[in-house]
Amino acid sequence: MKFLSNVQTTHKVFAALVLAVLYALPIFITSPVMLQIFILIFLYAYLTSSWNFVGGFAGVLPLGHSAFVGLGAYTSTLLYLTYNISPWIGMIAGGIVAAAFGLLIGLPTLKLRGAYFALATIAFAEGLRVLVENVEKLGPFEVRGPKGLLINLVGNSFKDFQFLSKVPYYYIILTMLVLVLILTFFMMRSKVGYYLAAGGEEPEAAEALGIKVSKYKLIAMAISCFLTALGGTFYAQLVLYFYPKSIMGLDMSYEIAFIALIGGRSTIMGPVLGAFLLRPVGELTRIYLGDTLPGLHLIIFGLVLIIVMRYQPRGLVEPVSRWLNILFDRIEKRRRA
Amino acid sequence: MIGYIESVINGILMGSIYGLTAVGLTLIFGVMKVVNFAHGSILMVGMFAAYWFITLTGFNPYLALVVVVPLLYFFGYYMQKIIIKPIFEAEKHVREPITVIIVTTGIWYVLDNLALLVFGAEFRVAQTSVTGKMVEVAEMYFPLAKMIGAGITLLLGIYLYWFLKHSRMGKAVRATSLDREAATLMGIKQSRIYNIVFGMGCACCGVAACVLVPFYYVYPTVGVPFDIKAFVIVVLGGLGSVPGAILGGIIIGIIETVGAQFMAATWTEMLIYAFFLVVLFVKPSGLFGLRQDY
Amino acid sequence: MSLIAIENLCAGYGEIGVLFDVSMRVEAGEIVSIIGANGAGKSSLLKALSGLIPATSGTITFNDENITKLPADEIVERGLIHVPEGRRLFSLMTVFENLEMGAFSRRAQKDFKKNIQDVHELFPRLKEREKQLAGTLSGGEQQMVAIGRGMMSSPKVMMFDEPSLGLAPVLKKDIFAAVKRIAVEYGTTIVLVEQDVMNSLAISDRAYVMEQGQIVIEGTAQDLLKDPHIKEAYLGM
Amino acid sequence: MNLKKFIVPAMVLAMGTASFSAYAAEKVVKIGNILPLSGPSASVGIQGKQAREMAVDEINKAGGIKSLGGAKIKLLFADSKGDPTTGVTETERFISTEKVSMVTGAWNSSVTYPSTQVAERYGVPFVVPVSVRDTITERGFKNVFRIAAKDSWWTRDQFRFLADMQKEFGVKVKTVAFVYENGDWGTGFAEKWRELAKAAGYKVVLDEPYPSTASDLTPVVLKLKRSNPDVVFMTSNAADAILLTKTMNDLKVNVKAIVTSGGGHADPSYLAAVGKSAEYLFDIVEWETDLNRPGLKETNAKFKKLYGYNLTGEAVDAYASMYLLKDVLERAKSTNPKALQAALASTKLCGGKTGLLAYDCIQFDQTGQNKNASLVIVQVRSGKDGKMERITVWPKNVRRAGYKVVFPQPGK
């Protein structure tokens, strides 16, 4: 956050460079597995950045965001399977549905203090999951309860949001991520962001100043849910098969929140940083240790969580931006010299 | 008719045990304002301890209380002291330190998977003198183990009430939960209160574990379903309220048992969440909570 | 040696400094006022003294002992008692329980009987309201509980943070009178942070003026009452 | 954006892939195995892993794949955690990074279902030892081969068994109840049961799904008791199977028979956990230790010595699947997926180690389903030493010699 607020030339050049590298990456990496790992990192960075709108800037801790991932995935997929509506359109529809649910749940709960809000969101997400598991048919839609939805393979088709290669998925999610980061950047500079920042730390004080914090929190919640649901559609199209437990289970909600907290919430780069750390830790420990001792990889995952929180309670974005700033200063000096 | 009475009573019995599993959570939250996500894992640790005690000694299952409760007290005491405290210190000025939630989640992952590593993925059931024993009242059957469990819940509730209301330490705990900083100014050492409260919260899990083992199975992730249920119960009853937790548990137990007589069990699960959300909308502080606590 | 000696104290919340190079002293038996505008750092100074916020540099000496790094509970144990701003009662505990909490430290427990007598003598109302929840009391009564709670700790020094804040003028008078009585009757040293400059200077021996985290003026209460800057800035004359 | 957070994981990943490729120099055939090694179905996952390891150890010690110059089989395992996305990722990793010749797994139907889709896309054979959902082999895929029986065969045989029992004992069953976990598996079974019950003319008095993570199943059992069925059909995972069995026994639910569907009821810890509460229960399985099959005793003894418990249906299918892979590799004389696919399709593997299975030969139909896969029904009884035992009772021709089936079960 710091290193974006005083955007120097070096920073700009650096950001452009990183972006260029990321966009060029699929030229060098052809292994679908590597691409898949990157796609999942970007996806989680995207979901966490979306979460950040309410979890970071509105100063509350939602622990049920998988509900909105699920709403996005179910809406677009049901529209596609029932009416053959392109998932691209379904994606927007899913976002709207999720935003509506977000407002519905946010209206009474956003007034609550942290733990109540956190537990209320867990209950909402679990309740919604159980509900979907119990619904076989909803009007014309075959929800199929716990069996979940399978999107049939049709091969490469942009309209159907399906690609045989991983590369298009890579570009789509990378672009989604970049867009959400830009949106975050502008949000932080906007009136909403300003009021939220004021209200996030001292809600009573802000209310006293006449700022309707709850109104801005609701706006943030709606944006957050909308964006999260878009990620849900992407996820559905990537995996092509999902069921309530896999797409709206609590594991995913928790992971999104952890990524934000480990990376550094209420910052632009925190979610990205968190996703780049936690996701590979999760994947690599599972790949290398998953078959040796059952559960060892999750022990390591747990330890990483504890250690990072112990030594960097504000998230890793702080030390990283400090190092970067030192690095940039040196470059700047050398350039001037 | 008799069937419904039977389900109501069974609901109360199981519900009071749910309440028992939630007491520790609410106690810790009430004072530290921290939702302990490792709660279910601590219950699991207690259940394994009770299981091994009962299986290896063959004593009456409730004798395990004598061993498991102090064991979990010290387990919780030192867990707070060694792992949680340093993080808490760093976040001292935050009313609800969120990083602590993440740390307790880390502890949850570590404990559950350590159990998997050490004890394996087997389901274990202790064979005790009360296992499978039923009490028959007018053609209704009630499991003896659950009746004893409900009794123990009641006793623990009374003890905690006495402790918080009348003992010096209990009053210090209440003072801390009401105003951390003011309590510090009274010379109440916060970190020590937290150690004690965390220890007591875990000891309550130990009591719940000893109550569960005679009729339940033991498994590395056995705490998870109780975890979510305990979250719902404590919010329903009012975060930080011990009687609220027990009564909240009983309400959940009754909804679950009686509701299931009219609809599929999967829908009662839904019903519980719906009821929970309705309560949250209507009375956000929970059924027995105080306004200032949310 | 002074009872309290503060030398070059700097303190703050995290990276934000609020106290800069503060030096002051309090002699045994004195009433010392600290006056200043909102946000001048008066409350922070008391918090630093009672160990609620850590000192970043400088030293605090109490009774010839360096207490700069001591935790809050140890400071209470030594008899340096802070009666916080806004009273900060344990609202859901009874008046009596609040007083009991004041006597939590080991040292104060010995004197429990005597202290509670003193409190009841000073504020007879608190005996009548013994069983009432503190949160249900009126503002004036709450302030009495807060002061009584401080007295229960067997204080050598009592530090009051804005005890008269938000009270009606009549009640204000009572509170200042009570503070004075504590000093006179029990020989307790008093540090008084106040915005009601007139009333607090009236009962004080000496006073310090704080602005922006620093001590800008110090002197006897009489001198300060005459000081033109004080007159203009704090007394509105 | 900054470079560090991108480069570090990338380097770690790159080093990882580099170390993998070192294997290529040796003469090995890599087989990827996806199993739930952690999470709720970890116990079956671990059984499958151990059985595979024992089989491959035997194969390699016996000289490996002779037609490939004695190449050794190398097993790679991945933990799916029971999660489809992880299953898909791991299948993709096995195929594209590890360059495995074949993939096996993944026990959870919900993982197998999308993972086989990946294998099909890459044209790499995917052998499914156990995963019962019908549709896994009903999508016209060329590369998916299932050894185990599918859903509809399990439910079909449960009802055939019930009909046979009524005939044998002259008892009439009028009402049935269905109690099943509300996952994909349980609801799938329930759908088939409904049709079968209708066809057989039974009245369904209770059709009750329950969440398998439930912490108390007393409400379900109370309901079951009040519906008072002749026979109850159940589909449960391990934890809920234990709770249901104990609670049904405690609350003295009287039925003529309880027919369960393997899974939790076949888990090795189940019988130890519930003890006598499971007396007289009928469970359907693919395989049982008391089957009269050549070499079974020795293999079971070896397995028990290695891992401390008896072979299970899951373990035997996994064990047999390794011998199937050996046979396929021998015949294909290649590790080329196309050749392997062709060899798999023309499998007729009889006797030998695969003879442990309840039937004689593995043969696949056009859909990739093993057409010989069959099922048996066992009855749980307490033995002389008080230990619970599973005794094969159906079909009649495999019933343990001298055993007298208890049907209906005595009242409580």
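From a predicted model like this one, the values you see are computed outputs, not experimental measurements. In every chain, residue numbers begin from 1 and rise along the written sequence. Starting at A for chains and at 1 for ligands, labels are handed out in the order in which the entities are written. A pLDDT threshold of at least 70 governs which residues receive local features in this predicted model, and a stricter bar of 80 or more applies before side-chain atom pairs are shown or counted, although totals over entire chains, interfaces and linings include all residues. Side-chain calculation: all heavy atoms of the structure are included, whereas hydrogens and water are not.

Asks: Can you tell me about the overall build of chain C, naming the residues and giving the values?
Replies: The helix count covers DSSP runs of H or I at least four residues long, the strand count covers runs of E at least two residues long, and both are numbered beginning at the N terminus. When helices and strands are counted, chain C shows 11 helices and 10 strands. What the globule rule says is 2.2 Å times the number of residues to the power 0.38, and the radius of gyration is computed from C-alpha atoms. Here chain C has a C-alpha radius of gyration of 17 Å; the compact-globule value for 237 residues is 18 Å, and the two agree. Once the C-alpha set of chain C is aligned to its principal axes, its extents read approximately 45 × 40 × 35 Å. Exposure classes here rest on a 1.4 Å probe applied to the protein chains alone. A residue is buried below 20% of its type maximum, exposed above 50%, and partly exposed in between. Looking at the 237 residues of chain C, the share that counts as buried comes to 55%.

Asks: Got a sec to walk through the interface of chain B and chain C? Specific residues and values, please.
Replies: Only heavy atoms matter for contacts: two residues are in contact if any of them lie within 4.5 Å across the pair. Contacts between the two partners involve 20 residues from chain B, matched on the other side by 22 residues from chain C. Buried area, as used here, totals the accessible surface that two parts lose on assembly, with accessibility defined by a 1.4 Å probe and the loss added over both. Summed over the three residues of chain B that lose the most area to chain C, namely Arg168, Leu185 and Met186 of chain B, the buried surface amounts to 32% of that side. Think of a salt bridge as a Lys or Arg side-chain nitrogen and an Asp or Glu carboxyl oxygen that are within 4 Å of each other. Where chain B touches chain C, the interface holds five salt bridges. Linking Glu181 of chain B and Lys47 of chain C is a salt bridge whose minimum nitrogen-to-oxygen distance equals 4.0 Å. Two N or O atoms count as a polar contact when they lie within 3.5 Å, although within protein this holds only if one can serve as hydrogen donor and the other as acceptor, and sequence-adjacent residues are included solely when both atoms are side-chain atoms. At the junction of chain B with chain C, the criterion picks out five residue pairs in polar contact (both at pLDDT 80 or more). Among the elements of the structure, α6 (168-178) and α7 (180-185) of chain B are those that each provide at least two residues to the side of chain B that touches chain C. Ranked by residue count, the leading element in the side of chain B that touches chain C is α6 of chain B, at six residues. Amino acid classes used here: Ala, Val, Leu, Ile, Met, Phe, Trp, Tyr, Cys and Pro are nonpolar; Asp, Glu, Lys and Arg are charged; the rest, including Gly, are polar. Taken together, the residues of the side of chain B that touches chain C break down into nine nonpolar, four polar and seven charged.

Asks: Can you tell me about the arrangement of the chains, naming the residues and giving the values?
Replies: Counting contacts across all four pairs of chains that touch, the top pair turns out to be chains A and B. Spatially, chain A is disjoint from chain C: no contact exists, and the shortest C-alpha separation is 13 Å. The smallest C-alpha distance separating chain C from chain D is 26 Å, and no contact links them.

Asks: Can you explain the pairing of strand β7 (residues 203-210) of chain D? Please cite residues and give values.
Replies: Summarising the sheet, strand β6 (residues 175-181) of chain D and β7 of chain D pair through seven bridges and their orientation is parallel. Its bridge partner being in β7 of chain D, Val179 of chain D is matched across the sheet by Glu208 of chain D. Being paired, for any two strands, means DSSP has found at least two bridges between them.

Asks: Could you give an account of unusual backbone geometry, with specific residues and numbers?
Replies: In this structure, the amide linkage connecting Gly105 of chain D to the following residue, Ala106 of chain D, adopts the cis form with an omega of -5°. If you trace the backbone, Ala106 of chain D turns up in the loop between β3 (102-105) and α4 (109-122). The omega torsion across Trp394 of chain D and Pro395 of chain D is 0°, close enough to zero to call that bond cis. Summarising the element assignment, Pro395 of chain D is placed in the segment after β14 (388-394). Located in the positive-phi region is Asn84 of chain A, a residue other than glycine, with phi close to 55°. Here Asn84 of chain A shows up in the loop between α4 (66-83) and α5 (87-109). Here Arg144 of chain A, not a glycine, exhibits a phi torsion of approximately 65°, which is positive. By the secondary structure assignment, Arg144 of chain A is in the loop between β2 (141-142) and β3 (149-150).

Asks: I'd love a proper account of the packing of aromatic side chains, names of residues and values included.
Replies: Residues and elements named next belong to chain A. Put simply, two rings from Phe, Tyr or Trp (the six-membered ring, in Trp's case) pair if the centres are within 6.5 Å, and we call them stacked under 30 degrees between planes, edge-to-face over 60, tilted for the rest. All told, the structure shown has 62 aromatic pairs over all chains when counted by the stated rule. Between the aromatic rings of Phe158 and Phe163, the centroid separation amounts to 6.4 Å while the plane-to-plane angle is 55°, which identifies the pairing as tilted. Residue classification places Phe158 among the exposed positions, given a relative accessible area of 55%. Aromatic pair Phe163 and Tyr169: ring centres 5.4 Å apart, planes at 85°, arrangement edge-to-face. The class for Phe163 is buried, based on a relative accessible area of 12%.

Asks: Pulling in residues and values, what's your account of the sheet that holds β6 of chain D?
Replies: Residue and element names in this part refer to chain D. Taking strand neighbours across the sheet as the criterion, the seven strands line up as β7-β6-β8-β9-β10-β13-β14 in an open arrangement whose pairing is mixed. Because the sheet does not close on itself, it has two edges, and the strands there are β7 and β14. The sheet shows a mean angle of 25° between the axes of neighbouring strands, taken without regard to direction. Both β6 and strand β8 (residues 231-235) contribute to a ladder of five bridges, which runs parallel. Opposite Tyr180, over in β8, you have Thr235 as the bridge partner. Interaxial angle, 0 to 180 degrees, is taken between N-to-C directions of lines fitted to C-alpha atoms, where a helix line uses only the stretch in contact. Contacts from helix α6 (residues 184-200) reach β6, β7 and β8, with the element oriented near 165° to β6. Set on the sheet, helix α8 (residues 238-250) makes contact with β6, β7, β8 and β9 (257-260); between it and β8 the angle comes to about 155°.

Asks: Describe in detail a positive patch on the surface, supporting the description with residues and values.
Replies: Taken together, the side chains of Lys81, Arg168, Lys189 and Arg192 of chain B define a basic patch exposed on the protein surface. For Lys81 of chain B, the location among the structural elements is in helix α3 (residues 64-90). Residues with no salt bridge and a relative accessible area higher than 30% make up the patches, which join like charges within 9 Å and nonpolar side chains (Val, Leu, Ile, Met, Phe, Trp, Tyr) within 5 Å. For every accessible area listed, the method is Shrake-Rupley and the probe measures 1.4 Å; residues are considered covered only by the protein chains on display. The convention is simple: Lys and Arg are positive, Asp and Glu are negative, and His and the chain ends are not counted. By convention, the charge on Lys lies at NZ, on Arg at CZ, on Asp at CG and on Glu at CD.

Asks: How would you explain helix α3 (residues 84-97) of chain D if you had to name every residue and give the values?
Replies: Along an α-helix, a turn takes 3.6 residues, which lines up residues three or four apart on a common side. With 14 residues, α3 of chain D should reach 20 Å at 1.5 Å per residue; the first-to-last C-alpha distance of 19 Å fits that figure. Of all 14 residues that make up α3 of chain D, 13 are buried, and the element is covered over most of its length. Multiply 1.5 Å by the residue count of a helix minus one, and that product is the helix's expected span.

Asks: Can you explain the state of the cysteines? Please cite residues and give values.
Replies: Disulfides are defined as cysteine sulfur pairs within 2.5 Å. One pass over the full model with this rule turns up one disulfide over all chains. Here Cys350 of chain D engages in a disulfide with Cys361 of chain D; their sulfurs sit 2.0 Å apart. Every disulfide takes its handedness from the sign of the S-S torsion; for Cys350 of chain D and Cys361 of chain D that torsion is 110°, giving right-handed. With Cys350 of chain D in strand β11 (residues 349-350) and Cys361 of chain D in strand β12 (residues 361-362), this pair connects stretches of sequence that are 11 residues apart. Here Cys350 of chain D falls in the partly exposed class, since its relative accessible area comes to 36%. Look at Cys361 of chain D and you get buried, because its relative accessible area is 14%. Left without a disulfide partner, Cys204 of chain B is nearest to the cysteine sulfur of Cys205 of chain B, which lies 7.3 Å away. On the basis of relative accessibility, which here comes to 4%, the residue Cys204 of chain B falls in the buried class. A disulfide-free cysteine, Cys210 of chain B has its sulfur positioned 11 Å from the sulfur of Cys205 of chain B, the nearest such atom.

Asks: Before we move on, can you summarise the interface of chain B and chain A with the specific residues and values?
Replies: With 45 residues of chain B at the contact, the number on the chain A side is 41 residues. Across the chain B/chain A interface, buried area totals approximately 3800 Å², and carbon plus sulfur atoms make up 80% of it. Of all the elements in the fold, those that place two or more residues in the side of chain B that touches chain A are α3, α4 (98-119), α9 (223-237) and α11 (265-282) of chain B. Here the side of chain B that touches chain A gets 15 residues from one element, more than from any other, and that element is α4 of chain B. Counted by class, the side of chain B that touches chain A contains 33 nonpolar, seven polar and five charged residues.

Asks: Which residues make up the environment of Thr121 of chain A, and what values go with them?
Replies: Residue and element names in this part refer to chain A. Its location among the elements puts Thr121 in helix α6 (residues 114-134). Separated by 12 residues in the primary sequence, Thr121 and Thr109 place their C-alpha atoms 8.4 Å from one another. Among the polar contacts made by the side chain of Thr121, one reaches the main-chain amide nitrogen of Leu63 at a distance of 3.0 Å.

Asks: Before we move on, can you summarise the environment of Glu298 of chain D with the specific residues and values?
Replies: With respect to the helices, strands and loops of the structure, Glu298 of chain D is situated in helix α10 (residues 296-307). For the pair formed by Glu298 of chain D and Lys172 of chain D, sequence separation is 126 residues and the distance between their alpha carbons is 42 Å.

Asks: If you had to explain the pairing of β6 of chain D to someone new, which residues and values would you point to?
Replies: When a strand is regular, its side chains alternate between the sheet's two faces. Residue and element names in this part refer to chain D. In terms of residue burial, β6 counts as a mostly covered element, since seven of its seven residues are buried. Of the two faces of β6, the one lined by Thr175, Ala177, Val179 and Glu181 and the one lined by Val176, Phe178 and Tyr180 are each fully buried. Orient the strands so they point away from the viewer; a crossover is then right-handed if the path from the first strand over the helix to the second runs clockwise. Following the backbone out of β6, through α6 and into the adjacent parallel β7, one traces a crossover that is right-handed.

Asks: Let's hear about the sheet that holds strand β7 (residues 157-161) of chain C: which residues, and what values?
Replies: Residue and element names in this part refer to chain C. Read across the open sheet, the six strands follow the order β6-β7-β8-β3-β9-β10; overall the sheet is mixed. Sheet topology places β6 (80-83) and β10 (214-220) at the edges, where each strand pairs with a single neighbour. For this sheet, the mean angle separating the axes of adjacent strands, direction not counted, is 15°. By the bridge criterion, five bridges tie β7 to strand β8 (residues 189-194) in an arrangement that is parallel. Note on β8: the bridge partner recorded for Phe160 is Leu192. Along the sheet face, helix α1 (residues 42-49) touches β3 (31-36), β6, β7, β8 and β9 (206-211) and points at about 150° away from the line of β7. The strands that helix α8 (residues 169-186) touches are β3, β7 and β8; relative to β8, the one it contacts most, it runs at about 155°.

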